Amino acid sequence: MAIPNVRIPSRQLYIDGEWREPVKKNRIPIISPATEEIIGEIPAATEEDVDIAVEAARRALARDDWGSTTGAQRAKYLRAIAAKILERKSELAKLESLDCGKTLFEAAWDMDDVAASFEYYADLAEALDSKRKTPVDLHLDSFKTYVLREPLGVVGLITPWNYPLLMATWKVAPALAAGCAAILKPSELASITCLELGEICREVGLPPGALNILTGLGPEAGAPLVSHPHVDKIAFTGSGATGVKIMTAAAQLVKPVTLELGGKSPIVVFDDIDNLDLAVEWTLFGCFANAGQVCSATSRLILQESIASEFLERLLLWIKNIKISDPLEEDCKLGPIVSSGQYEKVLKFISKAKDEGATILCGGERPQHMKKGYYVQPTIITDVNTSMEIWKEEVFGPVLCVKTFKTEEEAIELANDTKYGLASAIMSKDVERCERFTKAFQTGIIWFNCSQPTFTQLPWGGRKRSGFGRDLGEWNISKCFLVLKWPQI
Ligand SMILES: NC(=O)C1=CN([C@@H]2O[C@H](COP(=O)(O)OP(=O)(O)OC[C@H]3O[C@@H](n4cnc5c(N)ncnc54)[C@H](O)[C@@H]3O)[C@@H](O)[C@H]2O)C=CC1
Ligand SMILES: C[N+](C)(C)CCCC(=O)O
Ligand code: NA
């Protein structure tokens with residue numbers, strides 16, 4: 001087994017530019033998903049700490065060193081953060097891999113994406129300065145008017161464990177770019193790198209209170225943030241059930257929320273593809289990357305009947321090449337599931353599918369050679385019908401379910417047969433058909449002949465029960481004020 005040569009820093013909550021012990025002094029153990037051992041601990045914030053952090057954030061907005069900055073000044077901080085991330089890239093990647101079990105290769109990739117996101121939002125912060133005050137010509141002598149773009153205020157950012165630092169960055173970077181003060185509540189299952197972001201902010205001299213990081217449990221640290229009267233907006237990525245709780249609590253204060261709630265995304269493969277192996281590779285990547293713990297995972301394979309048996313045969317051949325090992329080991333392709341709870345949940349989905357009459361074509365168990373850790377074999381399930389749980393519910397593990405179709409209409413119906421609407425993919429060489437699917441797919445993200453590529457410049461978010469609002473791209477975090485002048489008085 002690989003021995004990680006990395007020390008897990010012991011941190012407190014990051015509040016008002018300082019490390020601060022939680023008021024109740026509670027801590028949560030960090031459990032390695034690869035070894036099931038306790039490898040450290042994180043501070044556990046409660047309502048009392050949320051109050052202190054919200055105060056610090058409000059003070060930051062009221063102070064000139066944050067509240068009166070230009071976008072160009074904020075961009076300097078964002079670029080300095082990006083540089084530090086790259087400087088510490090290999091260490092941060094190891095920490096992330098230790099914490100959530102993703103392969104070291106994927107973790108390093110994520111750190112590049114993190115740095116690139118901070119750089120991108122630095123560009124947008126600079127561009128914001130010329131857009132801050134936009135005159136609107138009313139073609140009238142009497143009225144003069146302009147529209148102001150201002151930061152929203154204090155924003156609460158609640159994020160999941162599957163891409164710990166990247167999902168935090170998708171929300172932190174635009175919030176800071178817009179000039180908001182932010183409170184980040186990462187997942188209790190993977191908070192190490194988010195706490196290191198606090199250290200990086202301290203090192204680059206980000207003004208105190210501009211970003212506060214409260215680790216802790218959802219109901220104890222996340223819920224008080226949502227129902228705090230001085231938090232102006234909540235941006236959330238995570239499960240549908242928690243999303244509903246957050247929206248319900250926020251509604252009591254008429255507080256805006258954006259929700260990114262995962263999905264059960266389809267990948268539709270037509271028989272006209274020339275390169276079967278490439279399609280197989282995208283199918284595997286689309287469902288098994290990050291051990292399937294991806295909100296946009298294309299976990300429903302919808303396969304044209306005429307190529308079904310050949311395609312499945314190739315899938316089975318390729319799947320043998322997926323190396324399952326400690327995620328820090330070189331060439332590891334599939335690491336463990338994040339936690340024992342999530343591991344049990346994935347195995348339960350598989351056994352329920354069996355009970356309901358589906359066939360486990362491959363996998364379905366823990367790999368024999370892994371004695372410890374929350375590992376699940378890459379699993380393909382066939383003989384699925386649309387009333388089965390495995391077809392309907394998000395597994396968040398390495399589990400692909402398969403259905404076949406004859407006609408394009410049938411494929412569309414199966415693709416949209418879900419309450420979710422985050423992403424979808426189509427594999428076909430017929431360009432016109434692909435275009436037809438852009439209209440047919442009821443999702444926020446559509447991939448042609450690939451699955452999962454994501455770019456910071458492009459909006460990311462869902463339709464239907466996958467939520468609303470968009471991460472990435474031009475943020476929706478600043479708000480407009482209208483100023484209308486009547487000059488003669
Ligand atoms: N869409 C996505 O990217 C993700 C989806 N999931 C799905 O969610 C399932 C459960 O995973 P969890 O880690 O329990 O997800 P979760 O949705 O409960 O956790 C996400 C974040 O919300 C916080 N949270 C939990 N309860 C809260 C509350 N009442 N108020 C405010 N914040 C709260 C958590 O502490 C964490 O920071 C997974 O099995 C998976 O299906 C999980 C993670 C990411
Ligand atoms: C597209 N990807 C894989 C980089 C990130 C997906 C985000 C998510 O799972 O919430
Ligand atoms: Na962890």
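Just so we're clear, the structure is a prediction, and the values are computed from it rather than from any experiment. (Residues numbered from 1 in each chain as written. Chains lettered and ligands numbered in written order. Predicted model: local features only at pLDDT ≥ 70, side-chain atom pairs only at ≥ 80, totals over all residues. Heavy atoms only, no water.)

*Asks:* Residue-level account of the sheet that holds strand S19 (residues 445–448), with values.
*Replies:* Taken in spatial order, the seven strands make up an open sheet running S14-S15-S16-S13-S12-S18-S19, and their pairing is mixed. In this open sheet, the two strands that pair with only one neighbour each are strand S14 (359–362) and S19. Each neighbouring strand pair of the sheet contributes to a mean axis angle of 25°, computed without reference to strand direction. Summarising the sheet, strand S18 (residues 423–427) and S19 pair through four bridges and their orientation is parallel. Following the sheet pairing, Ala425 is matched in S19 by Trp447. Sheet contacts for helix H11 (residues 305–319): strand S12 (265–269), strand S13 (298–304), S14, strand S15 (379–382) and strand S16 (399–405); angle to S13, the most-contacted strand, approximately 135°. Sitting on the sheet, helix H14 (residues 408–415) is in contact with S12, S13 and S16, with an inclination near 150° to S16. (Pairing = 2+ DSSP bridges. Helix = DSSP H or I, 4+ residues; strand = E, 2+ residues; numbered from the N terminus. Axes fitted to C-alpha atoms, helices over the stretch in contact; angles between N-to-C directions. Contact = heavy atoms within 4.5 Å.)

*Asks:* Can you tell me about the packing of aromatic side chains, naming the residues and giving the values?
*Replies:* Applying the stated criterion across every chain yields a total of 13 aromatic pairs. Taking 5.3 Å as the distance between ring centres and 55° as the angle between the ring planes, the aromatic pair formed by Tyr14 and Trp19 counts as tilted. The class for Trp19 is partly exposed, based on a relative accessible area of 24%. Measuring from centroid to centroid gives 5.3 Å for Trp161 and Phe396, while their planes differ by 90°, and the two rings are edge-to-face. Residue Trp161 is found in the loop between strand S7 (154–158) and helix H6 (164–178), and its partner Phe396 is found in the loop between helix H13 (389–392) and S16; the two are separated by 235 residues along the sequence. Trp161 gets classed as buried once you look at its relative accessible area, which sits at 12%. With a relative accessible area of 15%, Phe396 lands in the buried category. Following the ring pairs from residue to residue traces out a cluster consisting of Phe105, Trp109, Trp282 and Phe285. Lying over the aromatic face of Tyr163, Lys102 brings its terminal NZ or CZ to 3.7 Å of the ring centre. Sitting over the ring of Trp391, Arg300 keeps its end group 4.6 Å from the ring centre. (Phe/Tyr/Trp six-rings, centres within 6.5 Å; stacked < 30°, edge-to-face > 60°. Buried < 20%, exposed > 50% of the residue type's maximum accessible area, 1.4 Å probe, protein only. Lys NZ or Arg CZ within 6 Å of the ring centre and 35° of its normal.)

*Asks:* Before we move on, could you go through the domain arrangement of the protein and cite the residues and values that matter?
*Replies:* Segmenting the protein into domains produces domain 1 (13–261 + 466–488) and domain 2 (266–448). Computed from C-alpha coordinates alone, the two centres of domain 1 and domain 2 are separated by 32 Å. Each partner contributes to the interface: domain 1 provides 24 residues, whereas domain 2 provides 28 residues. Roughly 2100 Å² of surface becomes buried between domain 1 and domain 2 when both sides are summed, with 58% attributable to carbon and sulfur atoms. By the criterion of area lost to domain 2, the three top residues of domain 1 are Glu36, Trp161 and Ser466, representing 25% of everything that side buries. Top contributing element to the side of domain 1 that touches domain 2 by residue count: helix H4 (residues 89–100), with four residues. Of the residues contributing to the side of domain 1 that touches domain 2, the split by class is eleven nonpolar, seven polar and six charged. (Domains from an automatic or database assignment. Buried area = accessible area lost by both parts, 1.4 Å probe. Nonpolar A, V, L, I, M, F, W, Y, C, P; charged D, E, K, R; others polar.)

*Asks:* If you had to explain the coordination of the sodium ion (ligand 3) to someone new, which residues and values would you point to?
*Replies:* Donor atoms from the polypeptide that coordinate the sodium ion (ligand 3) comprise Asp99 (O), Asp99 (OD) and Leu189 (O), at 2.3 to 2.5 Å from the metal. One end of the pair, Asp99, is in helix H4; the other, Leu189, is in the loop between strand S8 (181–185) and helix H7 (192–203), with 90 residues separating them in the sequence. Residue Leu189 is classed as partly exposed on the basis of its relative accessible area, which comes to 33%. (Donors = N, O, S within 2.8 Å, 3.2 Å for Na, K, Ca; no water.)

*Asks:* Quick rundown of the environment of Gly421? Include the residues and the values.
*Replies:* Relative to the helices and strands, Gly421 resides in strand S17 (residues 420–421). Remark: the alpha-carbon pair of Gly421 and Leu211, spanning 210 residues in sequence, is separated by 31 Å. The contact partners of Gly421, leaving out residues within four places of it in the chain, are Gln442, Thr443, Gly444, Gly462, Arg463, Lys464 and Ser466.

*Asks:* Could you give an account of the site of ligand 2, naming the residues involved and the relevant values?
*Replies:* What surrounds ligand 2 is the set Asn162, Tyr163, Met167, Glu260, Val294, Cys295, Gln452, Thr454 and Trp460. Within the side chain of Asn162, a nitrogen or oxygen atom sits 3.0 Å from an oxygen atom of ligand 2. Contacts to ligand 2 include Cys295, whose backbone N or O atom sits 2.9 Å from an oxygen atom. Contact with the protein chains removes 92% of the 320 Å² of surface that ligand 2 exposes when unbound. (Near = heavy atom within 4 Å. Polar contact = N/O pair within 3.5 Å; in protein donor to acceptor, adjacent residues only side chain to side chain. Areas by Shrake-Rupley, 256 points an atom, 1.4 Å probe, with all protein chains shown as cover.)

*Asks:* Would you mind going over the packing of H14 against helix H15 (residues 431–440) in detail, with residue names and values included?
*Replies:* Contact geometry of H14 with H15 gives a least axis separation of 11 Å together with a crossing angle of 35°. Once H14 is placed against H15, the crossing between them reads as right-handed. Packed against H14, whose contacting residues are Glu408, Ala411 and Ile412, the element H15 presents Arg433, Arg436, Phe437 and Ala440 at the interface. Here the contact of H14 with H15 is built from residues that sort into four nonpolar, no polar and three charged. (Left-handed = near helix turned anticlockwise from the far one by under 90°.)

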